[in-house]
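Here's the letter readout for the chains.
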Amino acid sequence: MVYEIYPRSFADGDGDGVGDLAGVRSRLPYLRDLGIDAVWFTPWYASPMADGGYDVEDYRRIHPAFGDLAQAEAFIAEALALGIRTIVDIVPNHVSSRHPWFRRALAAGPGSPERERFWFRGGATPPTNWVSNFQGGTWTRTADADGTPGEWYLHLFAPEQPDLNWEHPDVRREHEDVLRFWFDRGVAGVRIDSAALLVKDPALPEVPDAPLPGRHPNTDRDGVHEIYRSWRALADGYRGTRILIGEVWMPDADRFAAYLRPDELHTAFNFDFMSREWRADQLRESIATMLAAHAPVGAPSTWVLSNHDVTRPVTRYGRADTAFAFATKRFGTPTDRELGTRRARAAALLVAALPGSLYIYQGDELGLPEVEDLPSGAREDPMHFRSGGVDPGRDGCRVPLPWTGDEPPYGFSSTSATWLPQPADWGGLTAERQAADPGSMLSLYRRAIRLRRSFESAPFAWIDAPDDVLAFARGDGLVCLANVAGRPVALPRGAELLLASSELVDDALPSDSTAWVRPAPAETPHR
Ligand code: GLC
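So, here's what we can say about the structure. This is a predicted model, so every value here is computed, not measured.

## What about the overall build of the protein?
Logical step 1: Each helix and strand counted, the protein has 13 helices and 20 strands in total.
Logical step 2: Along the longest, intermediate and shortest principal axes, the C-alpha atoms of the protein span 90 × 55 × 45 Å.
Logical step 3: A burial count over the protein gives 57% of its 527 residues as buried.
Logical step 4: A fraction of 66% describes how many contacts in the protein between residues 6 or more apart in sequence connect residues 24 or more apart.
Logical step 5: Accessible area of the protein: about 20,900 Å², with a carbon and sulfur share of 51%.
Logical step 6: Each charge class in the protein was averaged separately, 55 positive and 74 negative side chains, and the resulting centres sit 3 Å apart.

## Here's the deal with the site of the ligand
Logical step 1: Near the ligand you find 14 residues, and of these D51, H94, D193, E247 and D309 are the closest.
Logical step 2: For the ligand, an oxygen atom lies 2.8 Å from a polar atom in the side chain of D193.
Logical step 3: Within the side chain of H308, a nitrogen or oxygen atom sits 2.9 Å from an oxygen atom of the ligand.
Logical step 4: With the chains in place, 96% of the 310 Å² that the ligand exposes on its own is no longer accessible.
Logical step 5: Of the residues that constitute the shell around the ligand, the class distribution is three nonpolar, four polar and seven charged.

## Examining unusual backbone geometry
Logical step 1: P409 follows P408 through a cis peptide bond whose omega is 5 degrees.
Logical step 2: With respect to the helices, strands and loops of the structure, P409 is situated in the loop between α11 (382-386) and α12 (431-435).
Logical step 3: Although it is not a glycine, Q135 adopts a positive phi angle of roughly 70 degrees.
Logical step 4: Mapped onto the elements, Q135 comes out in the loop between β6 (120-121) and β7 (139-143).
Logical step 5: Its identity as a non-glycine residue notwithstanding, D507 has a phi of 65 degrees, on the positive side.
Logical step 6: Secondary-structure assignment places D507 in the loop between β18 (496-500) and β19 (508-509).
Logical step 7: The exposure class assigned to D507 is exposed, which follows from its relative accessible area of 63%.

## Here we look at the sheet that holds strand β10 (residues 243-246)
What holds strands together in a sheet is hydrogen bonding between their backbones, with the strands either parallel or antiparallel.
Logical step 1: With parallel pairing, eight strands are arranged side by side in an open sheet as β11-β10-β9-β5-β2-β1-β13-β12. Two strands in the sheet have a free side with no partner beyond their single neighbour: β11 (267-268) and β12 (302-304).
Logical step 2: Where strand β2 (residues 38-41) and strand β5 (residues 85-90) come together, four bridges link them in parallel fashion. Note that in β5 the partner of F41 across the bridge is V88.

## With respect to the nonpolar core
Logical step 1: Core analysis: the largest hydrophobic core is formed by 142 residues, its most contacted members being Y3, F10, L31, I36, W44, Y228 and W516.
Logical step 2: By residue number, the principal contributor to this core is helix α10 (residues 337-352), which donates eight residues.
Logical step 3: Not counting the four nearest positions on each side in its chain, Y228 is found in contact with I192, A195, L198, L244, Y259, D263, E264 and L265.
Logical step 4: W130, W139, W152 and L204 belong to the second largest nonpolar core, which has 12 residues in total.

## Structural notes on the pairing of β10
Logical step 1: In terms of strand pairing, strand β9 (residues 189-192) meets β10 through four bridges, oriented parallel. Paired with G189 across the two strands is I243, which belongs to β10.
Logical step 2: Remark: the β9/helix α6 (residues 224-236)/β10 crossover connection has right-handed handedness.
Logical step 3: The sheet contact formed by β10 and β11 spans two bridges and is parallel. Across the sheet, G246 pairs through a bridge with A268, a residue of β11.
Logical step 4: In this region the chain leaves β10, passes through helix α7 (residues 253-258) and returns to the parallel neighbour β11; the handedness of that crossover is right-handed.

## Considering the packing of helix α5 (residues 169-184) against α6
The angle between the axes and the distance between the axes are what describe a pair of packed helices.
Logical step 1: Look at α5 against α6: their axes get within 11 Å of each other, and the N-to-C directions meet at 30 degrees. With respect to each other, α5 and α6 are oriented roughly parallel. α5 and α6 meet at a crossing whose hand is right-handed. The residues of α6 that touch α5, namely those facing R172, H175, E176, L179, R180 and F183, are E226, I227, S230, W231, L234 and A235.
Logical step 2: Its residues assigned to classes, the contact of α5 with α6 comprises six nonpolar, two polar and four charged.

## Describing empty space enclosed by the protein
Logical step 1: Counted under the stated rule, the structure contains four cavities of 30 Å³ or more.
Logical step 2: In this structure, the largest cavity occupies an estimated 130 Å³ of space.
Logical step 3: For the largest cavity, the lining is made up of 15 residues, of which A348, V351, L358, I360 and Y445 are closest to its centre.
Logical step 4: Elements represented by at least two residues in the lining of the largest cavity include exactly α10, β13 (357-361) and α13 (441-452).
Logical step 5: Considered class by class, the residues forming the lining of the largest cavity number 13 nonpolar, one polar and one charged.

## Brief notes about the packing of aromatic side chains
Logical step 1: Under the definition given, this model contains 32 aromatic pairs.
Logical step 2: With a centroid separation of 6.0 Å and an interplanar angle of 40 degrees, the aromatic rings of Y45 and Y59 are classed as tilted. Of this pair, Y45 sits in strand β3 (residues 45-46) while Y59 sits in strand β4 (residues 58-62), and the two are 14 residues apart along the sequence.
Logical step 3: Note on Y45: relative accessible area 0%, which makes it buried.
Logical step 4: Residue Y59 is classed as buried on the basis of its relative accessible area of 3%.
Logical step 5: These aromatic residues form a ring-pair network of at least three members: W40, W249, F269, F271, F324, F326 and Y359.
Logical step 6: Its end group placed over the ring of F120, R115 keeps NZ or CZ at 4.4 Å from the ring centre.
Logical step 7: Above the face of the F181 ring, R185 is positioned so that its terminal group lies 3.8 Å from the ring centre.

## Some remarks on the layout of surface pockets
Logical step 1: There is about 340 Å³ of room inside the second largest pocket.
Logical step 2: The wall of the second largest pocket is formed by 16 residues, among which M1, V2, D37, I243 and S357 lie closest to the centre.
Logical step 3: Secondary-structure elements contributing two or more residues to the lining of the second largest pocket are β5 and β13.
Logical step 4: Classifying every residue of the lining of the second largest pocket by side-chain character gives eight nonpolar, four polar and four charged.

## What to know about α13
Logical step 1: Helix length check: α13 (12 residues) gives 16 Å between terminal C-alpha atoms against 16 Å at 1.5 Å per residue, within 8%.
Logical step 2: For α13, the set of buried residues is M441, L442, S443, L444, Y445, R446, A448, I449 and R452.

What counts, and where the lines are drawn
Residues numbered from 1 in each chain as written. Predicted model: local features only at pLDDT ≥ 70, side-chain atom pairs only at ≥ 80, totals over all residues. Heavy atoms only, no water. Helix = DSSP H or I, 4+ residues; strand = E, 2+ residues; numbered from the N terminus. Buried < 20%, exposed > 50% of the residue type's maximum accessible area, 1.4 Å probe, protein only. Contact = heavy atoms within 4.5 Å. Areas by Shrake-Rupley, 256 points an atom, 1.4 Å probe, with all protein chains shown as cover. Lys, Arg positive; Asp, Glu negative; His and termini not counted. Charge placed at Lys NZ, Arg CZ, Asp CG, Glu CD. Near = heavy atom within 4 Å. Polar contact = N/O pair within 3.5 Å; in protein donor to acceptor, adjacent residues only side chain to side chain. Nonpolar A, V, L, I, M, F, W, Y, C, P; charged D, E, K, R; others polar. Pairing = 2+ DSSP bridges. Core = buried A, V, L, I, M, F, W, Y, C linked by side-chain atoms within 4.5 Å. Right-handed = clockwise from strand over helix to strand, strands pointing away. Axes fitted to C-alpha atoms, helices over the stretch in contact; angles between N-to-C directions. Parallel < 35°, antiparallel > 145°, perpendicular 65-115°, else oblique. Left-handed = near helix turned anticlockwise from the far one by under 90°. 1 Å grid on protein atoms, 1.4 Å probe; cavity = no way out; pocket = protein on both sides within 12 Å on 5 of 7 lines; lining within 4 Å. Points joined across faces, edges and corners; volume = space filled by probe spheres on them. Phe/Tyr/Trp six-rings, centres within 6.5 Å; stacked < 30°, edge-to-face > 60°. Lys NZ or Arg CZ within 6 Å of the ring centre and 35° of its normal. Expected span 1.5 Å × (residues − 1).

The quantities given are spatial measurements derived from coordinates; they are silent on function.
So this is what it looks like as C-alpha cells:
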C-alpha cells in the first residue's frame, strides 16, 4: 500500500506556505496510523517548477524549498523505523531547460556533441507536427549566438522540459548513476515518470492515424524494454527491496504487461480503472482485463483511483461522466459532491479488496474534492496555460492538505498565504476532525488498510452476483460486494459484516456502496 506525497502540498514545516520535508517528518505519526507500507514522493529535486518539479535541474539535490539531502536521508531513516519505505520519482524522459546539460547544449551551438544528448534539428519549420502531452507543438526554436533563429529542440511536454536522447550513452550512464545515488541512500524503489516515452524513432516520422503496436514514433517503442532490463539488473544487485514502478499510460493491456516481464519493471500504474465509468460492467471488465494481463508475467496488478494529475474521485464520481480523461476536463462541469463521496467511499473499498498493490494519493483518504474555483492568478499548471485556459489543469487536486482547525491554513502551515489557496469550507475535512469521527473517510481508509492485511495474499475468485453488483472472494476469509447502481442486495447468509462504505438499509447493501464480509464457515458434511 503506497501513499503518494506531493511534497508542496502535504505539510509546511518552515512557514513559507510551501510544503517541505520538515513538514512531512512532523506528520510521520499520521502516516504510521494510516497503516501504509511505503510513501512515494513526486519529484523533490532542485527544479524551476515549470511543471511542479517534473522539470528537474539536478537529480541529486533536494529543492531548497523542500529542504536538503540530510533531511531527505533523515526522513528515509525515520520512516523506515516506523515500517514505512520511501520511493522516489525518477524523470528520465526529459530534464529542465535549466539543467546543466541543456544549458551547455544551447551554448555549444548546432552540430556540437553537447546537443547530441537532446533532439536538436535544423530547418525553417518544426521537424514534425507531433502534439505535446500539454497541447501545442513539441518543438521550440532556439536562437543562435547572433540572435538569428537557430535549431529546434524536442519536448513532448512543456518547452521547459527538453527530451533526452536515449540513444546517447551519457544519458544511459547518468540515469543509472542517479538510480544508484538514491538506492545507496536507502530508497526502496523508484516511480518512473512517463516510462513509455523514452525512445523515439530517429527518423522522426509523423504519427500515423492508427500506429501499429510498437510503431508509434515516440511512445512505447520496443527499444524502451532494454533500458528497463538494465535498470532491473541494477536494482537486483542490491540487497533488500529496490522496486521499479512504471508510469505507463497504455490502453493495450498486452503492450502494458510487456513492461512487467520478470526481468523488467516490478509493477506499473494501472490507469485503466480510473478511465472507466462508475458502471458495474465497466469496472468488472477493467478488473478482469487487468488481472488477466498480469497473470502471464507474474507481476502484481496495481489499483489507482487518482494521483496528482487527475480529478479527485469525490468530484469525478459525482458527475454525469464518471470516467477520467484528460481531454474532457472543462470548467463548470456540474458535480453532486454527496453522491461523489458516497461512490468514492465504495470505490476505495472495492480497490482495497483487490489483489496487488494499492496506491492512495494524499488527500483522497480525507475525501478532498477537486478545488474548481481557484483564482486564475493562483493557477500554475502548464496544462492549463498551454490549452489557452480551456483545460482547468491539475492545480485543483494539488491544494495543500487540511490538518487541523476551522479555517485556512488548517494547520498546513503557519501562514495562510499557501502556494495554492485552500477553500474556506474545509474545516469539516481536516485530518484531526476525521480521526475523531468513526464515519469519516479517514476512518474508512484506516480500517480498510488494517483489515486488508489479513487477506492480502489470499487468492481472488469472482462470485456470481446480479449484473449491477461486483462480488468476489479473497480466500475463505473475505467476500467483497460492490453494489454499483442496483437495488439493495442482501449480504450472503450467515456472513459477518466487517466494513461497509455506507450504512446498510434493512440489512441490505444499498446502491453505490461496498461491503466487506466474512462468509459463514462452510458447513461440515455430516457423516
Ligand atoms: C507525468 C507526471 C506529470 C508530469 C509529466 C511530465 O505524467 O505524473 O505530473 O507533468 O509526467 O513529466
